[in-house]
Amino acid sequence: MTDAAATTVSTDTTKAVREIAERAKEASAQLARASSGKKNDMLLSIASALESAAGEIVEANGRDMARGRELGMAEGLLDRLELTKERVASIAEALRDVADLPDPVGEIVRGSTLENGLRLRQVRVPMGVVGMIYEARPNVTVDAAGLALKSGNAVILRGGSAALESNRTIVRVMQDALVAEGYSGDLVQTIDDYGRDGGVALMRARGLVDLLVPRGGAALIETVVLESKVPVIETGTGNVHIYVDESADLEKALPIVLNAKTQRVGVCNAVETLIVHEAVADEFVPLVTEALTQRGVTVHADEQTMRLSAESATTEATDADWETEYLSLDIAAKVVSSIDEAIAHIRRYTTGHTEVIITESLAAANTFTDEVDAAVVMVNASSRFTDGGEFGLGAELGISTQKLHARGPMGLSELTTTKWIVQGDGQVRP
């Protein structure tokens, strides 16, 4: 994507992507008139269609997985890419969860009546056409479509070559379900056939695409943010920290760290750096490093952590380790002398995604939540809970680490904008 953004996109590709965007814009008008019930029926129909086509989807995904292994794709990325019948069923169930959520469209954000009798109300309305650029995540193909449709938007998807077969099959199944419900298949489209140049053309389709959301590695996100002429909501990489405070209950701390690192490694809410207060380091560091290494995790440790780790599989940390989102069975670890030192380290290296403190001190918890700047700050819980589904938002479009419009897990409301509706009775401005 980075190389493509710097090149000239062919006229044919630009024309083709713009035609797709024009069809999406036209189709989105159907949803502007659709009731919540109709949109819910649409999602339920898609969910059933995906389950019925699970065998076909898994077969297509198998071809992607085989190609990924041949190309030496990292295990964390292969885990994101893989679809089983159980995962397809889970994706379909997430759509049903979205159907059960309140529809944000039409919600009155605020309103008033002016002294001259004008009645004002600000209401939520769809963005219109949402573009999504992402990597090796076929579940996002469905999540993005479901959230877009429920919030009244058409969606254009660029899912990357790694998931080409999976996404092509999933999009076709969704389009067929839309047509069966009486809606245009153009509400959900993919531009994967146009490769990286198609993604660049999507970034330049200002006026046709209302919002673009990148989701993937740091290079992809940076490229979209810097190159796009379409407004972008930036989703961020997850250099996530867990700080174990001097007052921490270590029986709580150990399973939290293990869950945050090993429950699923190739995800943005997995912990990448462990910080331990020196007051509990002698007891906790040997326990946690042994438990991590038993689960195959390599600990990139500072000098004090190395000394306390006994025979665990530790390696000396470099400066690069503190800023690395591993997405693998690796974790950086260090010992600090105070909560202030822990917060200073996090401020320097955070990507603004999720930060965690484990503590039994209300004062320490308050200090941490007040002073740490991230989309999500947690106390005594695994970072793996930073997820739209876990937050009760249904499926998510991504975790926004920016500070404008949307921050944190992006659900339905984040795919709407607002408009003012003013009702009068012949008033004119003096």
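Figured I'd write up the structure that's included with this text. (Residues numbered from 1 in each chain as written. Predicted model: local features only at pLDDT ≥ 70, side-chain atom pairs only at ≥ 80, totals over all residues. Heavy atoms only, no water.)

1. Re unusual backbone geometry
Condition: Helix and strand definitions follow DSSP, with helices as H or I runs of at least four residues and strands as E runs of at least two, each counted in order from the N terminus.
Despite not being glycine, L327 has its phi angle at roughly 55°, a positive value. Tracing the backbone shows L327 in the loop between β10 (314-316) and β11 (330-336). The backbone of N380 shows a phi angle near 60°, a positive value even though the residue is not glycine. Tracing the chain through its elements places N380 in the loop between β13 (376-379) and β14 (399-400).

2. What to know about the packing of aromatic side chains
Our working definition: When the centres of two rings from Phe, Tyr and Trp lie within 6.5 Å, Trp using its six-membered ring, the rings pair. Their planes under 30 degrees apart give stacked, over 60 give edge-to-face, and anything left gives tilted. Exposure classes here rest on a 1.4 Å probe applied to the protein chains alone. A residue is buried below 20% of its type maximum, exposed above 50%, and partly exposed in between. Counting as a charge over the ring demands two things of the Lys NZ or Arg CZ atom: a distance within 6 Å of the ring centre and an angle within 35 degrees of the ring normal.
Scanning the model with the defined rule gives one aromatic pair in all. Look at Y243 and F368: their rings are 6.4 Å apart centre to centre, the planes differ by 15°, and that puts the pair in the stacked class. With Y243 in strand β7 (residues 240-244) and F368 in helix α15 (residues 362-371), this pair connects stretches of sequence that are 125 residues apart. Look at Y243 and you get buried, because its relative accessible area is 0%. In this structure, K334 is placed above the aromatic ring of W322, and the distance from its NZ or CZ to the ring centre is 5.5 Å.

3. Considerations on the layout of surface pockets
Unoccupied space between atoms shows up once a probe the size of one water molecule is rolled over them. Formally: Here a cavity denotes a set of grid points, spaced 1 Å apart and computed over the protein atoms alone, in which a 1.4 Å probe fits but from which it cannot get out, and a pocket denotes an open set meeting protein on both sides within 12 Å along at least five of seven lines; residues with an atom within 4 Å of a point are reported as lining. Grid points are joined across faces, edges and corners, and a volume is the space filled by probe spheres set on the points. When residues are grouped by polarity, Ala, Val, Leu, Ile, Met, Phe, Trp, Tyr, Cys and Pro land in nonpolar, Asp, Glu, Lys and Arg in charged, and all others, Gly among them, in polar.
Volume-wise, the largest pocket comes out at about 980 Å³. Taken together, 34 residues form the lining of the largest pocket, with N139, D143, R264, R384 and D387 sitting closest to its centre. Listing elements by their share of the lining of the largest pocket, those giving two or more residues are α6 (85-100) and α7 (138-150). By residue number, the principal contributor to the lining of the largest pocket is α6, which donates six residues. Residue composition of the lining of the largest pocket, grouped by class: ten nonpolar, eleven polar and 13 charged.

4. A few points about α15
Put simply, the rule is: In this description, the arc belongs to the directions extending from the helix axis to the C-beta atoms. Throughout, a residue-residue contact means that at least one pair of heavy atoms, one from each residue, lies within 4.5 Å.
Among all positions in α15, only A364, A365 and F368 are buried. Viewed end-on, α15 has its buried residues packed into an arc of 100°, placing them on one side of the element. Along α15, exposed side chains directed more than 90 degrees from the buried face belong to L362, A363 and D370. Residues of α15 that are buried make contact with β7, α14 (339-349), β12 (354-358) and β13.

5. Observations regarding the sheet that holds β12
Our working rule: If DSSP finds at least two bridges between two strands, the strands pair. What counts as an axis is a line fitted to C-alpha atoms, over the stretch in contact for a helix, and the angles between N-to-C directions run from 0 to 180 degrees.
Strand order in this open sheet of seven strands is β10-β9-β11-β8-β7-β12-β13, and the pairing throughout is parallel. Each having just a single partner strand, β10 and β13 make up the two edges of the open sheet. For this sheet, the mean angle separating the axes of adjacent strands, direction not counted, is 25°. Here four bridges tie β7 to β12, and the two strands are oriented parallel to one another. Directly across from V244, in β12, lies its bridge partner I358.

6. Quick notes on helix α2 (residues 11-32)
Let me state the cut-off plainly: Multiply 1.5 Å by the residue count of a helix minus one, and that product is the helix's expected span.
An ideal rise of 1.5 Å per residue puts 32 Å on 22 residues; α2 measures up with 32 Å between its terminal C-alpha atoms. Of the residues making up α2, those classed as buried are T13, A16, V17, I20, A21, A24, A27, S28 and L31. What you see down the axis of α2 is that its buried residues fit within an arc of 135°, all on one side. Projecting away from the buried face of α2 at angles above 90 degrees are the exposed residues T11, D12, K15, E26 and A32. Summarising the contacts, the buried residues of α2 are in contact with α3 (36-52), β3 (129-134), α7, β4 (154-158), β5 (188-190) and α9 (195-203).

7. Side note on the side chain of T359
The condition is simple: As used in this structure description, the phrase polar contact means that two N or O atoms lie within 3.5 Å; if the pair is within protein, one of them must be able to donate a hydrogen and the other to accept it, and residues adjacent in sequence are counted only when both atoms belong to side chains.
Tracing the backbone through its elements, the reader meets T359 in the loop between β12 and α15. At 2.6 Å, the side chain of T359 forms a polar contact with the side chain of S247. A distance of 3.0 Å separates a polar atom in the side chain of T359 from the backbone nitrogen of S361. With near-sequence residues (within four places) excluded, T359 lies in contact with D245, S247, A248, A364, A365, V379 and N380.

8. Focus on empty space enclosed by the protein
This model, assessed by the stated rule, comprises two cavities of 30 Å³ or more. Within this model, the largest cavity holds a volume of roughly 40 Å³. Along its surface, the largest cavity is lined by L274, V276, V285, V288, T289, T305, A333, K334 and V335. Secondary-structure elements contributing two or more residues to the lining of the largest cavity are β8 (271-277), α12 (278-294) and β11. Each residue belonging to the lining of the largest cavity can be placed in one class, and the counts come to six nonpolar, two polar and one charged. Lining the second largest cavity are L50, I57, L83, V88, I91, V142 and I170. Per-class residue counts for the lining of the second largest cavity are seven nonpolar, no polar and no charged.

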